[in-house]
Each structure stands twice: as C-alpha cells, then as structure tokens.
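Chain and residue survey
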Amino acid sequence: DAGGVVFYANYLKFMERARTEWLRALGFEQQRIRTELGRLFVVRSLSLDYRLGARLDDLLDVTVTLAGRGGASLDFAQQVIRRADAALCCSARVKIACVAADSLRPKPLPDQLLAEIADVL
C-alpha cells in the first residue's frame, strides 16, 4: 500500500498461490483437475491471525501443511514468514472444498489425489 506495508488481503493471494504450487508438486495442476477430473477446489472457510506487517521488498516464505481432510474437503494450516528474521507475519486455517467443475456442487476428493496424500496424514 502507500505506506510500504503489504495490504492485508494480499496475504490471501500468497496463500492461494502456495496451495496451488503444493498441488502442482503432487502432479495436480489446476487445469488437469478441471479438465481430466471434472473438479475444482474452492475456499469454503478460513481464519487469519495477523501478527506483523510485511514491508515492500521483504522476502516471504509461505508454508502449506495439510492438517486434515473430509470426504470432499482438505484443511490446511498456513503461515507467511519473513525470511530475513523468521518473523511470523500471519497464520491461517483454510478449508477448501472439492466441487464439480460444471455444477459447483460438492464432489468427493479424487482417488488419485487421496493416494498422493495418504502418507501425509
């Protein structure tokens, strides 16, 4: 923002990108999930705890930890950490829902994804 501090809503964008990259590392790019599996992931709920404002040019690390799962959802614990001093900028709990790409109605998590995350939980 004008004060050189990261606007609070941008932390949501950082976390979204980190979850997307987490899925990509497992072999599940967003386009593949939509076209091959007929599903999308959407944020169902989240809670954020802001601790410290990051500033312009701070290098930030965003963590993604799978914290739980339901039949059609994944729960994540995430943190945004300033790299220079390992200061916690914010933390979040995020639940994403798996939905049908055409109807946006809840659908079970794909078996292929469940196989990849089986040893994480």
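Before reading on, note that the structure itself is shown above.
Anyway, here's the lowdown on the structure attached to this text. Since the structure is predicted, the reported quantities are computational estimates derived from the model, not experimental observations.

1. Details of the overall build of the chain
From N to C terminus, the chain includes three helices and four strands. Going from N to C terminus, the chain has its helices and strands arranged as α-α-β-β-β-β-α. Counting only C-alpha atoms and orienting by the principal axes, one finds that the chain spans roughly 45 × 30 × 20 Å. The 121 residues of the chain split such that 32% are buried.

2. Overview of the pairing of strand β4 (residues 87-100)
Counting buried residues in β4 gives eleven out of 14 residues, a clear majority hidden from the surface. Hairpin remark: strand β3 (residues 73-82) followed by β4, antiparallel, with four residues in the connecting loop; positive phi at alanine 86, about 60°.

3. Examining helix α1 (residues 10-25)
With 16 residues, α1 extends 23 Å between its outermost C-alpha atoms, agreeing within 8% with the 22 Å of an ideal straight helix rising 1.5 Å per residue. For α1, every residue scored as buried is listed here: Tyr11, Met15, Ala18, Arg19, Thr20, Trp22 and Leu23. Elements in contact with the buried residues of α1: α2 (30-35), β1 (39-50), β2 (60-69), β3, β4 and α3 (111-117).

4. Describing the sheet that holds β3
Judged by pairing direction, the sheet is antiparallel, and its four strands sit side by side in the order β1-β4-β3-β2 without closing on themselves. Each of the sheet's edge strands pairs with one partner strand only, and the pair in question is β1 and β2. Strand-to-strand twist of the sheet, defined as the mean angle between neighbouring strand axes without regard to direction, takes the value 25°. Note: β3 against β4, ten bridges, orientation antiparallel. Considered in β4, the bridge of arginine 82 is made with alanine 87. This element, α1, spans β1, β2, β3 and β4 of the sheet and lies at about 65° to β2.

5. Here's the deal with the pairing of β3
Burial runs high along β3: eight of the ten residues are buried. Where β2 lies against β3, nine bridges are found, and the strand directions are antiparallel. Following the sheet pairing, arginine 69 is matched in β3 by leucine 74. In sequence, β2 turns back onto β3 through a hairpin of three residues.

Cut-offs used in this document
Residues numbered from 1 in each chain as written. Predicted model: local features only at pLDDT ≥ 70, side-chain atom pairs only at ≥ 80, totals over all residues. Heavy atoms only, no water. Helix = DSSP H or I, 4+ residues; strand = E, 2+ residues; numbered from the N terminus. Buried < 20%, exposed > 50% of the residue type's maximum accessible area, 1.4 Å probe, protein only. Pairing = 2+ DSSP bridges. Expected span 1.5 Å × (residues − 1). Contact = heavy atoms within 4.5 Å. Axes fitted to C-alpha atoms, helices over the stretch in contact; angles between N-to-C directions.

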